[in-house]
Amino acid sequence: MPLLYLIRHPRTQPDPARPASRWDLSAEGRAQVRALAALPLWAAIGAVITSAQPKAAAVGEAVRAAHGVPWQVVAALDEARRDSWLSAGEFDQAQRAFFARPEVPPAPGWETAQAAGERFAAAMGDVLARYPNGARSGLRRSWPLTGPACAR
């Protein structure tokens, strides 16, 4: 049976002048990418699928470069859009509202949780449909994914 690994994106360097979707990795995030790409698990991986966001794509590029694992970008896997800068307190409040009222944007410039969830679910359906023979082949294959709603 195929396996799907969900990988949370590396640490970013917040920049109030840019939307979160365009933030670069922090020094810690770059170290996280190097450590992840150095793991031996990649020999059993069939593909890496990431969002288009730089923080996620950095993982796909690093794994492809280090191990030759095919890397694909699926823009619909981007994390929930949150293009307005909020202070730490405002951000925490907006995050709580995001989940408490999924049909309402929790802050100006933020995507609703409902819209993000529907987009992500549809994208995952498309991704899983690309590998229909994985389960039937009897081969153990895995597809790491970096993007929104990923496990730590």
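Just above sits the structure.
Residues numbered from 1 in each chain as written. Predicted model: local features only at pLDDT ≥ 70, side-chain atom pairs only at ≥ 80, totals over all residues. Heavy atoms only, no water.

**Quick word on the side chain of Arg 82**
Our working definition: Numbering goes from the N terminus for both helices and strands, where a helix is a DSSP run of H or I of at least four residues and a strand is a run of E of at least two. Residue exposure (1.4 Å probe, protein chains only): buried if accessible area is under 20% of the type maximum, exposed if over 50%, otherwise partly exposed. Contacts: residue pairs with any heavy atoms within 4.5 Å of one another.
Along the chain, Arg 82 falls in the loop between strand 3 (71-73) and helix 3 (88-100). Given a relative accessible area of 18%, Arg 82 falls into the buried group. Beyond its immediate sequence surroundings of up to four residues, Arg 82 is in contact with Ala 20, Trp 23, Phe 91, Gly 109 and Trp 110.

**Details of the pattern of salt bridges**
To keep things clear, this is the line we draw: The rule for a salt bridge is simple: a side-chain nitrogen of Lys or Arg has to be within 4 Å of a carboxyl oxygen of Asp or Glu.
Under the counting rule described, the total for this entry stands at eight salt bridges. A salt bridge links Lys 55 to Glu 79; the nearest nitrogen and oxygen atoms lie 2.7 Å apart. Taken together, the residues span a long stretch of sequence, with Lys 55 in helix 2 (residues 54-67) and Glu 79 in the loop between strand 3 and helix 3 at a distance of 24 residues. Residue classification places Glu 79 among the buried residues on the basis of a relative accessible area of 14%. For Arg 119, the salt bridge is made with Glu 111, and the minimal N-O distance between the two is 2.7 Å. The structure contains a network of salt bridges with shared partners spanning Asp 15, Arg 18 and Asp 24.

**Re a nonpolar patch on the surface**
Our working rule: Each patch groups residues whose relative accessible area exceeds 30% and which form no salt bridge, using 9 Å between like charges and 5 Å between nonpolar side chains of Val, Leu, Ile, Met, Phe, Trp and Tyr. Method for areas: the Shrake-Rupley scheme with a 1.4 Å probe, in which residue coverage is limited to the protein chains shown.
A cluster of nonpolar side chains, contributed by Leu 4, Leu 6 and Leu 128, occupies part of the molecular surface with about 240 Å² of accessible area. As for its placement among the helices and strands, Leu 6 is situated in strand 1 (residues 6-7). The class for Leu 6 is partly exposed, based on a relative accessible area of 34%.

**Some details on the environment of Ala 62**
Mapping Ala 62 onto the fold places it in helix 2. Leaving out residues up to four positions away in the same chain, Ala 62 has contacts with Val 33 and Ala 37.

**Things to note about the packing of helix 1 (residues 27-37) against helix 2**
Threshold: The convention used is that axes are lines fitted to C-alpha atoms, helices contributing only their stretch in contact, and that angles between N-to-C directions extend from 0 to 180 degrees. In these notes the angle categories are as follows: under 35 degrees is roughly parallel, over 145 is roughly antiparallel, 65 to 115 is roughly perpendicular, and the rest is oblique. For any pair of crossing helices, the crossing counts as left-handed if the nearer helix is rotated counterclockwise from the farther one by less than a right angle, and right-handed if it is rotated clockwise. Residues are grouped as follows: Ala, Val, Leu, Ile, Met, Phe, Trp, Tyr, Cys and Pro are nonpolar; Asp, Glu, Lys and Arg are charged; all remaining types, including Gly, are polar.
Two elements in contact, helix 1 and helix 2, have axes separated by 9 Å at closest approach and are oriented at 40 degrees. In terms of axis orientation, helix 1 runs oblique to helix 2. Handedness of the helix 1/helix 2 crossing: right-handed. Contact residues: helix 1 offers Val 33, Leu 36 and Ala 37, while helix 2 offers Ala 58, Val 59, Ala 62, Val 63, Ala 66 and His 67. Looking at the contact of helix 1 with helix 2, its residues break down into eight nonpolar, one polar and no charged.

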